[in-house]
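Each chain, written out:
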Amino acid sequence: MPESNEPRKTDTPEAAWKSREEEEQRSMQIAPTSEELCAMAQSREKLNARVIRGVVVVTVALAAALLYNVYRIDQPWIRLGQAWTLGVIVYLFGPAFERGHQPTGASKPCVQFLARQHEERQRGYLRIRRRLFLLIPGIAASCWGGGPLNAARARGLDPSSWLYHFLAGPWPFVSTVAVLVIVWFAFGKAAEKASQECEEFQRMIAH
């Protein structure tokens, strides 16, 4: 049968306009209210404060442990690796964290605060992701100097045990690099999610 040249109802300008109006109505129906946005902003601020405190505590603890190893260990390669790792840790997590302004009760400032927070999260994730592999030289130097093997001996492990052979071989370095690769991918996914959430709040600001 010959095909009909008549346009389908869904291809007409009226149908397209009606479909757009329906989509806008659905988006407005699921859009959070002003009170919900401000509650989300306050919750985000509290979460940021807890995360910052946790990062500071972990960074200080790691830096203290690495600094102790730098002064305590005599092997030059291990000391160099620990010093390098200490510098990278401070470089990654040392910069001061800037806190956003307290959101007000209006919906626009709350939406802007949330959009800015997700944008800062994305930049932070990407910043760490780009610099994550700077840890590899320090890890390589520590393993080359026999750091894992010295740890096995200090713990009194049996030289015939599988753990001793694992620490004496290249596997500590290989497994650590594998973990860094997994973390690298994880930070990429987290940055992508933060970007999507930022775009959602920017669309709310535009409306």
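Residues numbered from 1 in each chain as written. Predicted model: local features only at pLDDT ≥ 70, side-chain atom pairs only at ≥ 80, totals over all residues. Heavy atoms only, no water.

This paragraph deals with the packing of aromatic side chains. In this structure the tally under the stated criterion is 3 aromatic pairs. Relative to Trp184, the ring of Phe133 has its centre 6.2 Å away and its plane inclined at 35°; by these criteria the two rings are tilted. Residue Phe133 is found in the loop between helix 4 (107-131) and helix 5 (135-144), and its partner Trp184 is found in helix 8 (residues 171-206); the two are separated by 51 residues along the sequence. Owing to a relative accessible area of 30%, Phe133 belongs among the partly exposed residues under this scheme. Relative to Phe185, the ring of Trp184 has its centre 5.0 Å away and its plane inclined at 80°; by these criteria the two rings are edge-to-face. Through pairs of rings, three or more aromatic residues link up here, namely Phe133, Trp184 and Phe185. Stacked on the ring of Tyr91, the Lys or Arg Arg127 has its end atom at 5.6 Å from the ring centre. A cation over a ring is seen here: Arg129 above Trp184, with NZ or CZ 3.5 Å from the ring centre. (Phe/Tyr/Trp six-rings, centres within 6.5 Å; stacked < 30°, edge-to-face > 60°. Helix = DSSP H or I, 4+ residues; strand = E, 2+ residues; numbered from the N terminus. Buried < 20%, exposed > 50% of the residue type's maximum accessible area, 1.4 Å probe, protein only. Lys NZ or Arg CZ within 6 Å of the ring centre and 35° of its normal.)

Right, let's get into the state of the cysteines. According to the stated counting rule, one finds 1 disulfide in the structure shown. What pairs with Cys38 in a disulfide is Cys110, and their sulfur atoms sit 2.4 Å apart. Handedness here is read from the sign of the S-S torsion; for Cys38 and Cys110, about 95°, the answer is right-handed. Here Cys38, found in helix 2 (residues 34-72), pairs with Cys110, found in helix 4; they are 72 residues apart in sequence, far enough to count as distant. (Disulfide = S-S within 2.5 Å.)

So, about the pattern of salt bridges. Evaluation of the coordinates by the stated rule reveals 2 salt bridges. Glu119 is the salt-bridge partner of Arg123, the closest N and O atoms lying 3.3 Å from each other. With Arg123 and Glu119 both in helix 4 and 4 residues apart, this pair spans about one turn of that helix. Between Arg121 and Glu197 there is a salt bridge whose closest N-O contact spans 3.0 Å. Separated by 76 residues along the polypeptide, Arg121 in helix 4 and Glu197 in helix 8 bring together distant segments of the chain. (Salt bridge = Lys/Arg side-chain N within 4 Å of Asp/Glu carboxyl O.)

All right, on to the packing of helix 3 (residues 76-93) against helix 5 then. It is at 7 Å that the axes of helix 3 and helix 5 come closest, and there the two elements cross at 160°. Classified by the angle between their axes, helix 3 and helix 5 sit roughly antiparallel to one another. Relative to helix 5, helix 3 is oriented so that their crossing is left-handed. Here helix 3 contributes Trp77, Ile78, Gly81, Gln82, Trp84, Thr85, Val88 and Ile89 to the contact with helix 5, which in turn contributes Leu135, Pro137, Gly138, Ile139, Ala141, Ser142 and Trp144. When the residues that make up the contact of helix 3 with helix 5 are grouped by side-chain class, the tally is 10 nonpolar, 5 polar and no charged. (Axes fitted to C-alpha atoms, helices over the stretch in contact; angles between N-to-C directions. Parallel < 35°, antiparallel > 145°, perpendicular 65-115°, else oblique. Left-handed = near helix turned anticlockwise from the far one by under 90°. Contact = heavy atoms within 4.5 Å. Nonpolar A, V, L, I, M, F, W, Y, C, P; charged D, E, K, R; others polar.)

With that settled, consider a nonpolar patch on the surface. Among the surface-exposed residues, Trp77, Leu80 and Trp144 lie close enough to one another that they form a single nonpolar patch of about 420 Å² accessible area. Turning to its location among the elements, Trp144 is positioned in helix 5. (Patch = residues over 30% accessible without salt bridge, like charges linked within 9 Å, V, L, I, M, F, W, Y side chains within 5 Å. Areas by Shrake-Rupley, 256 points an atom, 1.4 Å probe, with all protein chains shown as cover.)

Note that Gly94 resides in the loop between helix 3 and helix 4. Residue classification places Gly94 among the partly exposed residues on the basis of a relative accessible area of 45%. A C-alpha to C-alpha distance of 9.5 Å links Gly94 and Val55, two positions 39 residues apart in sequence.

Grouped together as the largest cluster of nonpolar side chains are 11 residues: Ala63, Leu66, Leu86, Val88, Ile89, Leu92, Ile128, Leu132, Leu135, Ile139 and Leu180. Listing elements by their share of this core, those giving two or more residues are helix 2, helix 3 and helix 5. Examining the composition of this core, we find that 4 residues originate from one element, helix 3, more than from any other. Here Leu86 is in contact with Ala63, Leu66 and Leu67, once residues within four sequence places are set aside. The next biggest cluster of nonpolar side chains, apart from the first, holds 9 residues, and it includes Cys38, Cys110, Phe113 and Leu114. (Core = buried A, V, L, I, M, F, W, Y, C linked by side-chain atoms within 4.5 Å.)

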